[in-house]
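Coordinate inspection notes
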Amino acid sequence: MPAEQKKIAKMTSKYFYLLLISTLTYNLSFAQIITDRPDQTESSFTVGAGNLQIETGFGFAYEGADASVSQLLTPSSLFRYGICEKVELRLLTQIETLKIGDQNVTGMSDFEIGTKISLFSATETKPFDVAFLSHLRVPRGSSELSYYPKFGSINKLAISHDINSELSIGYNVGYNYFGENNGDFTYSVALGAGVNDRVGIYIEPYGEWVDFEDFKSNIDAGFTYLVNKDLQLDFSFGTGLNHRMNYTSIGCSWLIHQN
């Protein structure tokens with residue numbers, strides 16, 4: 001691995017352990033808008049009737065023993081609109097630069113359109129919030145980055161609950177199918193905590209069983225900063241546990257109320 005990439009990996013490991021210690025140390029309540037970034041776990045909450053939430057970010061990732069595959073997102077944007085209290089429409093678009101070996105292409109990736117449906121809300125007898133998400137990947141991106149003519153589907157069951165007044169946890173299990181082979185099983189578990197009324201931190205193992213043959217396991221961590229009740233900034237980073245992968249991302253989320 002080149003010296004610069006070794007330096008990035010070393011810094012990522014350092015910050016990861018600092019966040020791990022913080023997650024186990026701080027137990028203060030915090031307020032924030034509920035977003036589906038920066039972690040891999042989708043929340044079990046919708047944005048509310050008539051509200052629009054825009055979640056966008058920039059990210060860089062590389063994988064492979066010699067970092068031969070790299071991806072730059074500039075940006076990746078998720079638009080969430082609540083058509084009622086329990087159902088939202090979703091649109092994901094991203095501009096991507098993908099490098100594989102000596103080949104380098106930039107363009108628009110295939111977009112995803114879908115929905116999130118809140119199935120159950122937490123009560124005293126049922127402490128879980130549960131939602132179902134489904135997206136259709138539409139092969140209409142730039143020719144070098146599109147899976148044309150194959151459509152794909154991305155599906156997740158999102159569950160969350162409070163461990164106590166200071167900690168919360170979210171789970172996702174899902175199945176993706178992209179028009180060939182057996183599809184992929186996915187999972188993620190995000191543990192969140194509060195540092196103060198503006199800063200939240202999380203740690204998250206996640207992964208996928210690619211084509212039900214190749215298991216890839218990862219872990220990431222990050223933090224959010226609440227600028228005001230409708231605007232939130234975030235930073236995250238992750239690494240592969242049983243394969244070579246690293247990523248870093250920064251972003252923001254903006255909630256636009258109906259009134």
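Below, the structure is looked at part by part. Predicted, not measured: the structure shown is a model, and the values here were computed from it.

This model, assessed by the stated rule, comprises ten salt bridges. In this structure, Asp36 and Arg90 form a salt bridge, with 2.8 Å as the shortest nitrogen-oxygen distance. Here the residue Asp36 occupies a position in the loop between α1 (3-25) and β1 (52-63), and Arg90 occupies one in strand β3 (residues 87-100), the gap between them amounting to 54 residues. Of the two residues, Asp36 and Arg90, both sit in the buried class. With a shortest N-O distance of 2.6 Å, Lys150 and Glu180 are connected by a salt bridge.

For a regular strand, side-chain orientation follows a simple rule: the groups alternate between the two sheet faces. Judged from the eleven bridges that link them, β1 and strand β2 (residues 69-82) form a sheet pairing that is antiparallel. Bridge pairing links Glu63 to Val69 in β2. Between β1 and β2, which follow one another and run antiparallel, lie five residues, and Gly64 among them has a positive phi close to 100°. The pairing of β2 with β3 spans twelve bridges and is antiparallel. Counterpart to Tyr81 in the pairing with β3 is Leu89. Following β2, the chain reverses through four residues before pairing antiparallel with β3.

With that settled, consider the side chain of Ser249. In this fold, Ser249 is placed in strand β13 (residues 245-256). Setting aside residues no more than four positions away along its own chain, Ser249 makes contact with Arg37, Phe58, Gly59, Asp234, Phe235 and Ser236.

Attention now goes to the environment of Gly48. As for its position among the elements, Gly48 is in the loop between α1 and β1. Not counting chain neighbours up to four residues away, the residues in contact with Gly48 comprise Gly82, Cys84 and Glu85.

The subject of this paragraph is a nonpolar patch on the surface. Taken together, the side chains of Ile117, Leu119, Phe120, Phe132, Leu157, Val173, Tyr175, Tyr177, Phe185, Trp209, Phe212 and Phe215 present a nonpolar region at the surface, about 990 Å² in accessible area. By secondary structure assignment, the location of Tyr175 is in strand β8 (residues 167-177). The exposure class assigned to Tyr175 is partly exposed, which follows from its relative accessible area of 34%.

Cut-offs used in this document
Residues numbered from 1 in each chain as written. Predicted model: local features only at pLDDT ≥ 70, side-chain atom pairs only at ≥ 80, totals over all residues. Heavy atoms only, no water. Salt bridge = Lys/Arg side-chain N within 4 Å of Asp/Glu carboxyl O. Helix = DSSP H or I, 4+ residues; strand = E, 2+ residues; numbered from the N terminus. Buried < 20%, exposed > 50% of the residue type's maximum accessible area, 1.4 Å probe, protein only. Pairing = 2+ DSSP bridges. Contact = heavy atoms within 4.5 Å. Patch = residues over 30% accessible without salt bridge, like charges linked within 9 Å, V, L, I, M, F, W, Y side chains within 5 Å. Areas by Shrake-Rupley, 256 points an atom, 1.4 Å probe, with all protein chains shown as cover.

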